[in-house]
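Observations on the three-dimensional arrangement
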Amino acid sequence: MNHTAGVLPDLEALNPSELKALIVEQHKQILIHHEQLLSRDAEIEHLQLLLAKLRRMQFGRSSEKVDRQIAQLELRLGELEQSRAIEAEPAKPSAAEHVVARPVRRPLPAHLRREVQTYLPPQKACPDCGGKLKPLGEDVTEILEYVPERVKVIRQVRPKLACAGCDRIVPAPAPSRPLERSIAGPGLLAHVLVSKYSDHLPLYRQAEIYAREGVELDRSTLAEWVGGTSRLLAPLVEKLRRHVLAGQKLHADDTPVPVLAPGLGKTKTGRLWTYVRDDRPAGEVTPPAVWFCYSADRKGEHPQQHLSSFTGTLQADGYAGFDQVYETGRIQEAACWAHVRRKFYDLVEAHKSQTATTALERIAELYAVEEEIRGRPAEERREIRNRRSRPLLESLKQWLEETLGKLSRKSDTAMAVRYALARWEALLRYCDDGRLEIDNNAAERSLRAVALGRKNYLFAGSDRGGESAAAIYSLIGTAKLNGLNPESYLRNVLSRISDHPINRIDELLPWNLAAVSADDQVVTA
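The structure contained in this document is the topic of the report that follows. Quick caveat: nothing in here was measured; it's all calculated off a predicted structure.

Here helix α16 (residues 463-481) spans 27 Å end to end across 19 residues, near enough to the 27 Å set by a 1.5 Å rise per residue. Burial within α16 is extensive, with 15 of its 19 residues counted as buried. Directly after α16, the chain includes Gly483, whose backbone phi takes a positive value near 75°.

Structure, rendered in structure tokens:
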């Protein structure tokens, strides 16, 4: 039997043998997943042992080779621990349940500045008899919080009041936290996320930075915070996805992401896909947004699935996986002139090709028109393009065809020319629709943070880790597109989301939760 992944067949329609086969297959998948989890946990223990040995070697006789090995193992271990945290469902232990042994939580450093917040019960009198309330004591919880340039401790004090008439104790309700039973405040969580996914600092390096401030935060603790926060933000990312796909024009691209294969000690290559909705160049006021999605490979079925609800024009490169997306006609292709230009630019850099230089000069004339009309209404852009750009395009096509006949078929220049001519109809499409752009640079810009992060922390801990990264990249990227400081935005969201009604989650999108202070404004990336 073949069933679509994740879709349960109609059990009533199955005969006994088919039902038995289904149960056997499901049991097999459960065993495979269990083995993967055991393998990952064993690898975490093995890496911890290797790190301990290398640190002993480092202190005995330091060397650059040992330092590099330690850094690589720290990266690997941090991503595996984050992967485990992402997949772990929030537990609610009962009174009789023995919690798995974990590192004892150390008292928060005494040298950190304390900020006291007092929470009084909402009742002014005893709810039982109406008697006057008197102080009885207080419950104190300490939360580690981060504000720009410093870490502080917030003492949440909840005075306990007792009724003078009937001794009824009236406590103040405990304020909610982003993550249950966690000492991390929303500002600290936002800082950890932005430090990793925007400032490209892996978790073990962040732990070292906090240690210099006298705050001991284990890498595994930071990994749990990242995993828990990505689960908490999932409904907001889903709302963001719907907003992006509701547009009539999208920019799309993808980039490779090395992903750890648990138990194998190696990495595989996953993909991060980006879909950008940004109509500001055509004079629209709809908020711009970017949605990232992770997949374990680069098969064409992934963009088909991502774009299953989208209807309109897709601006993308020449990746063959998009071809099936265009087959039904529901989605039209708009090709990218930047990709055409880049091929000729490479020829100029490598061979000082005069033909390539001429091609670049002609393409530059097209971009000069775009520079003038950026931000104008779509209909005005369409009219100007047809009047000024289309004659340039017709002349360029004639020149390319004539040039191709003079070149060796196997030359690099001929390949660049054929690349343009093969996509000519899609390259012309931007002239007929003022909402479209001449290139796909909006998508490429959104991937810069991924490329920089890949150089620093090298890989994701698992496929779930890749999905978590995609979620955080989506929120950070969208905050930047809307001119917001991503850390301020995430701090604001995390301070509210635990108590926010799920049916009003769109209120937490960046353009609806725009920060009001001047320091929350940044230059749009």
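If you walk through the whole model with that rule in mind, you get 27 salt bridges. Arg271 is the partner of Asp254 in a salt bridge, and the nearest nitrogen-oxygen pair spans 2.5 Å. Within this pair, whereas Asp254 is found in strand β5 (residues 249-261), its partner Arg271 is found in strand β6 (residues 266-277), the two being separated by 17 residues in sequence. Overall, Arg271 belongs to the buried group, its relative accessible area being 12%. Among the salt bridges present, the one from Arg429 reaches Glu425, with a minimum N-O distance of 3.5 Å.

This part takes up the sheet that holds strand β9 (residues 331-334). Overall, mixed pairing links the five strands, which are arranged β7-β6-β5-β8-β9 in an open sheet. The open sheet has two edge strands, β7 (289-295) and β9, and neither has a second partner. Neighbouring strand axes in the sheet, compared pairwise and without regard to direction, differ in orientation by 30° on average. Bridging between strand β8 (residues 312-315) and β9 involves four bridges; their strand directions are parallel. When the bridges of β9 are listed, Leu314 appears paired with Glu333. Sheet strands touched by helix α6 (residues 234-245): β5, β6 and β7. Its angle to β7, the strand with the most contacts, is close to 110°. Along the sheet, α16 contacts β5, β6 and β7; its crossing angle with β7, the most-contacted strand, is approximately 170°.

All right, on to the packing of helix α3 (residues 186-197) against helix α4 (residues 203-212) then. One way to put it is that α3 packs onto α4 with a least axis distance of 10 Å and a crossing angle of 130°. Judged by the inter-axis angle, α3 sits oblique to α4. Remark: the crossing between α3 and α4 carries right-handed chirality. Along its contact with α3, which presents Leu188, His191, Val192, Ser195 and Lys196, the element α4 presents Leu203, Gln206 and Tyr210. Residue composition of the contact of α3 with α4, grouped by class: four nonpolar, three polar and one charged.

Bringing the side chain of Asp253 into the picture now. Turning to its location among the elements, Asp253 is positioned in strand β5. For the buried residue Asp253, which engages in no salt bridge, the nearest side chain bearing the opposite charge is Arg298, 5.7 Å off. In this view, Asp253 contacts Leu272, Trp273, Thr274, Asp317, Asn440, Ala443, Glu444 and Leu447; residues no more than four positions away in its chain are not counted.

Contact geometry of helix α9 (residues 337-351) with helix α10 (residues 354-373) gives a least axis separation of 9 Å together with a crossing angle of 150°. One way to sum up the angle between α9 and α10 is to call them roughly antiparallel. Read as a crossing pair, α9 and α10 show a hand that is left-handed. Facing Trp337, Ala338, Val340, Arg341, Phe344, Tyr345, Leu347 and Val348 of α9, the residues of α10 in contact are Ala356, Thr357, Ala359, Leu360, Ile363, Leu366 and Tyr367.

Core analysis: the biggest nonpolar cluster contains 76 residues, and Leu144, Trp225, Leu233, Leu307, Leu314, Tyr489 and Leu490 have the highest contact counts within it. No other element matches α16, which puts nine residues into this core. Grouped together as the second largest cluster of nonpolar side chains are 31 residues, Ile363, Ala420, Ala426 and Leu427 included.

Here the focus is unusual backbone geometry. Backbone geometry at Asp167 places phi at a positive 65°, although glycine is not the residue there. Relative to the helices and strands, Asp167 resides in the loop between β3 (150-163) and β4 (169-170). A positive phi angle, close to 60°, is found at Arg181, a residue other than glycine. Take Arg181: its relative accessible area is 49%, and that puts it in the partly exposed class.

About the thresholds
- Residues numbered from 1 in each chain as written.
- Predicted model: local features only at pLDDT ≥ 70, side-chain atom pairs only at ≥ 80, totals over all residues.
- Heavy atoms only, no water.
- Helix = DSSP H or I, 4+ residues; strand = E, 2+ residues; numbered from the N terminus.
- Expected span 1.5 Å × (residues − 1).
- Buried < 20%, exposed > 50% of the residue type's maximum accessible area, 1.4 Å probe, protein only.
- Salt bridge = Lys/Arg side-chain N within 4 Å of Asp/Glu carboxyl O.
- Pairing = 2+ DSSP bridges.
- Axes fitted to C-alpha atoms, helices over the stretch in contact; angles between N-to-C directions.
- Contact = heavy atoms within 4.5 Å.
- Parallel < 35°, antiparallel > 145°, perpendicular 65-115°, else oblique.
- Left-handed = near helix turned anticlockwise from the far one by under 90°.
- Nonpolar A, V, L, I, M, F, W, Y, C, P; charged D, E, K, R; others polar.
- Lys, Arg positive; Asp, Glu negative; His and termini not counted.
- Core = buried A, V, L, I, M, F, W, Y, C linked by side-chain atoms within 4.5 Å.

Such coordinate-based values are descriptive only and should not be taken to indicate function.
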